[in-house]
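A structural walkthrough
Spelled out from the first residue to the last, the chains are:
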Amino acid sequence: MSLVRRAVAEDAEEVLRLRQVMIASVTPDAPTDWQAGSLPGLRERLADPDGSFAAFVVDHPERPDALAALVVGTLEYRIGGPGRPGDGLIGYVFSVATDPDARRRGYARACMDELLEWFRERGAGHVMLTASPDAEPLYASLGFTRDTTPSMRLCL
């Protein structure tokens with residue numbers, strides 16, 4: 001029996017807590033005031049098992065009502081191009097986090113395996129993510145390679 005399960009609406013606060021763990025690993029003093037505004041939309045997406053959003057989690061083995069690990073991804077449509085023929089459906093992983101006291105147990109890998117299978121079942125041609133230096137070995141072991149396409153951002 002797998003430790004990994006699909007997150008549901010009732011997991012939303014714990015999903016946000018683990019997302020903050022991930023954010024704090026890169027930006028230690030990152031604010032948390034964004035969580036209250038994110039909670040309603042997250043609950044809605046977690047309640048829709050047929051949508052283009054999925055989160056896979058492992059329950060914390062020592063703390064009831066807490067999550068030990070989290071992986072979140074979405075499916076997106078992009079017009080095909082060189083190296084991306086087909087219908088243009090891609091997966092994007094944007095949150096991978098493990099509670100500090102539950103690390104080194106394979107939980108993140110198990111969650112990633114489930115999310116990658118979810119992407120495959122829906123016909124994604126490839127999967128993208130942004131890797132921290134600490135996480136890059138995990139992603140490389142799953143077959144991810146460095147992308148040479150530059151990325152830019154505009155906040156609206």
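Before any of the text, the structure's been laid out above.
Within each chain, residues carry numbers counting from 1 in the order of the written sequence. Where totals are concerned, whole chains, interfaces and linings use all residues; where local detail is concerned, this predicted model gives features only for residues with pLDDT of at least 70, and gives and counts side-chain atom pairs only at 80 or more. No hydrogens and no water enter the side-chain calculation; it runs on all heavy atoms of the structure.

Put simply, DSSP H or I for four residues or longer makes a helix, DSSP E for two residues or longer makes a strand, and each gets a number counted from the N terminus. Within the secondary structure, Ala36 sits in helix H2 (residues 34–46). For the exposure calls, accessible area comes from a 1.4 Å probe over protein chains only, and a residue counts as buried if that area is under 20% of its type's maximum, exposed if over 50%, partly exposed in between. The exposure class assigned to Ala36 is exposed, which follows from its relative accessible area of 62%. Expressed as a C-alpha distance, the spacing of Ala36 and Glu13, which sit 23 residues apart in the sequence, is 9.2 Å.

The next thing to look at is unusual backbone geometry. Outside of glycine, negative phi angles account for most residues, and trans bonds account for most peptide bonds. Of note in the backbone geometry, Asp65 takes a positive phi value of approximately 70° without being a glycine. Residue position: Asp65 is located in the loop between strand E2 (53–59) and strand E3 (67–77). At Arg104, a position not held by glycine, the phi torsion is positive, near 70°. By secondary structure assignment, the location of Arg104 is in the loop between strand E4 (89–98) and helix H3 (107–121). The exposure class of Arg104 is exposed, given its relative accessible area of 86%.

This brings us to the pairing of strand E5 (residues 126–129). In terms of strand pairing, E4 meets E5 through 4 bridges, oriented parallel. What sits directly across from Tyr92, in E5, is Met128. A clockwise path from the first strand over the helix to the second, with the strands pointing away from the viewer, defines a right-handed crossover. Crossover handedness for the path E4 to H3 to E5: right-handed. At least two DSSP bridges between two strands are needed for those strands to be called paired.

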